[in-house]
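Report on the structure
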Amino acid sequence: MRYKWTILLIFSLAAISLSIYFSLFGSNIEGKDVKIDKELFTELQEQQLESSLRMMKSWGDENLYSPSNAMEGSKDEYVSYYAYQTADLLGENPHEPYCRTVIEFLKNDSFADEEDQLIFTGIERVYRADQSLSLCSYEASQSKAYMEKHVQHLLDTTYIPDGYFISNEFKEYRDKPGYELVKVQQTRMMLNMASKYGFMEALDQKAIRSWVKSLELNELQTLEAAAEMNQIMGIETARKIPSADIDKLIHKRTYDFNDLMDLNSLAALQKLQPELLQPDEMAEIAEKVKKQFYGLSDIQSEYLKMNLLHQFHSLPDPQHKDMILKDLSVYRYEDGMLPSFSTYDNQFSPVLIGKVSEEYAGRSNPAHDEAILKRVLAADIDELMKQDPFEVYSFVSLLSKTGGKLPDEKKEALNAALLKKMEMPIVRSSMMGFTFYAKALKQLNGSITKEMLPPNTEAILNEIIQKQASYFGEKDQVSSLAFLETLSSIGLYTDQVRKAKPFADQVKTDPDSEIGAYLIYYKAALMHNSGMPYDQNKTGRNISQLYKRTGYALNSSKSFPDIYSTYFLMAINHNLTEDFHHES
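1. Considering the overall build of the chain
When helices and strands are counted, the chain shows 27 helices and six strands. Projected onto its principal axes, the C-alpha coordinates of the chain cover approximately 115 × 60 × 45 Å. Burial status across the chain gives 51% buried among its 584 residues. Of the contacts made within the chain by residues no fewer than 6 positions apart, 73% connect residues no fewer than 24 positions apart. When the accessible area of the chain is evaluated, it comes to approximately 28,500 Å², of which 49% is carbon and sulfur surface.

2. Remarks on the nonpolar core
Counting 92 residues, the largest nonpolar core has Phe395, Leu414, Leu418, Phe434, Phe483 and Leu487 as its most contacted members. Of all the elements, helix H27 (residues 563-583) adds the most residues to this core, at 10 residues. In this structure, leucine 487 is in contact with Phe434, Leu453, Thr457, Leu461, Leu492, Tyr493 and Val497, ignoring residues within four places of it in sequence. Within the second largest apolar cluster, 90 residues are counted, among which are Ile208, Leu276, Tyr294 and Val330.

3. Regarding the state of the cysteines
Applying the stated criterion across every chain, the model contains one disulfide. Cysteine 99 shares a disulfide with cysteine 136; S-S distance 2.0 Å. Of note, the bridge from cysteine 99 to cysteine 136 carries an S-S torsion of about -95° and is left-handed in sense. Remark: cysteine 136 occurs in the loop between helix H5 (122-133) and helix H6 (139-157) and cysteine 99 occurs in helix H4 (residues 96-106); sequence separation between them is 37 residues.

4. Description of the confidence of the model for the chain
Summary statistics for the chain give a mean pLDDT of 89 and a share of 93% for residues scoring 70 or more. The model gives residues 1-30 a pLDDT under 50, and that stretch makes 10 contacts with residues more than four places away or in other chains.

5. Observations regarding the packing of aromatic side chains
Any aromatic ring pair is given by two values, namely how distant the centres are and how the planes are angled relative to each other. This structure, assessed with the given rule, holds 32 aromatic pairs. Between tyrosine 331 and phenylalanine 341, the aromatic rings sit 5.2 Å apart at their centres with planes inclined by 75°, giving edge-to-face as the arrangement. With tyrosine 331 in helix H14 (residues 318-331) and phenylalanine 341 in strand E6 (residues 341-343), this pair connects stretches of sequence that are 10 residues apart. An aromatic cluster of at least three residues, connected via ring pairs, comprises Tyr344, Phe390, Tyr393, Phe436, Tyr518, Tyr521, Tyr522, Tyr564, Tyr567 and Phe568. Against the face of tyrosine 333 rests lysine 75, its NZ or CZ located 5.1 Å from the ring centre. Over the aromatic face of tyrosine 493 sits the side chain of lysine 450, whose NZ or CZ is 4.4 Å from the ring centroid.

The rules we used
- Residues numbered from 1 in each chain as written.
- Predicted model: local features only at pLDDT ≥ 70, side-chain atom pairs only at ≥ 80, totals over all residues.
- Heavy atoms only, no water.
- Helix = DSSP H or I, 4+ residues; strand = E, 2+ residues; numbered from the N terminus.
- Buried < 20%, exposed > 50% of the residue type's maximum accessible area, 1.4 Å probe, protein only.
- Contact = heavy atoms within 4.5 Å.
- Areas by Shrake-Rupley, 256 points an atom, 1.4 Å probe, with all protein chains shown as cover.
- Core = buried A, V, L, I, M, F, W, Y, C linked by side-chain atoms within 4.5 Å.
- Disulfide = S-S within 2.5 Å.
- pLDDT = per-residue confidence, 0-100.
- Phe/Tyr/Trp six-rings, centres within 6.5 Å; stacked < 30°, edge-to-face > 60°.
- Lys NZ or Arg CZ within 6 Å of the ring centre and 35° of its normal.

Following this line, the structure appears as structure tokens:
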């Protein structure tokens, strides 16, 4: 009997030992990764290419890469208006919920008077609503009574006896320099609406004609507006633009926003004076604007570009057309509205994201590299170190990726500044700074030693290994993952980092988590850098849950992608698909 219990005890201990082993080192006893399957590989490849190409479209010769983010929860009348006007030029009718939303806006008696945080206000707000509804299939008839009410209100409150209209918010500035075009455009809008809704007889047309006649018709936008106003009132516009001014505009190397406005005015005037533009001149304009892509983040410029192409009977770039229409479906809320978009003032991190996108798409561009390197070499090191740590890391990464070399004096200054940052012990608030400064230091010098790291680096690492728990607390597991990932990335403490695998294994990378994208990134990057086996299939599925057709979102509750989540998860996507290639 004692023999039997001894055997049972041995097997029990063996089972407990195996259980402990599995809990510490994972269920895959052979230490092999669970690779992504072929279907997921194809899906990830498509995501990578779409995200990369979308990021690359943000290139501008002056701004370099300047991607934008949709602002979660925002609804923007300006963006929505120009997006649907652009879509109409591309052959897509407005989304019916958008038409109904505009009518709901018009039901508000104070619609024309609201100004808070709006781009369209007063006259322009009512005019743009009317223009939007003119594209709708059936809602326009339902809106007639509301429009008549708002137009009557504007006629009563915005007319100036000198013969023009101007919204209330601009009245105090109406005689200041730079406001002449505002008066011109708003008077044009009011005449359009007065004509459409039967209020022309109520206007003092004599005063308005006199005011229009007094305008200095030296600019294309003023001339076009005057011509339209005169046409509504049944009189001709005699002024002609000198051909020298037209030639100068046409033959510019690139067109800025004001040029696009002028060119649209020129296209409108060309209908009245066909001799203004020759076919080869229209073709030259169309060819230059066709190459530019502005997207939803600069949707008015995109509209002006598409309208020019439409006026000149030139087809848009098919890829640009598809991207605009896809973005419209991605960013559109259920009520048809679209969000506001924000751009980044940072000098280097958006450019790095664009440059990395080029690499993932296999689309290197020497001209881009030259422009990027020029900006990098012009940077002041003292000013750079005042920026956030990711900017510093982006600066050094761009220097490396473009094959640049800092002058010795600048390199020494940067190296000294980074080493200075490393002298302070790591605390929770400085953790992400440590991550990017350490990586920057490694890239700058080609190597890094333990002596360069903060004084408590080993103590943090040892505690994580000993407790198999986050050094920064259970609620801040991502900082401990980032700490370990940094050490694995710079190639220090490699064996010790691998001993922290049980901790890493227990961290849940849930796409529903508030910082899902970052948990996924740091855990997967740690495993990849350290050669630790992990479930790549699960990781791939997780990042796919965060894919929003043009990039990756921070978590699954977000409606839109953001560029930083996209940047980090594109790196994981790249690792997964590269590993699949190597195994195949």
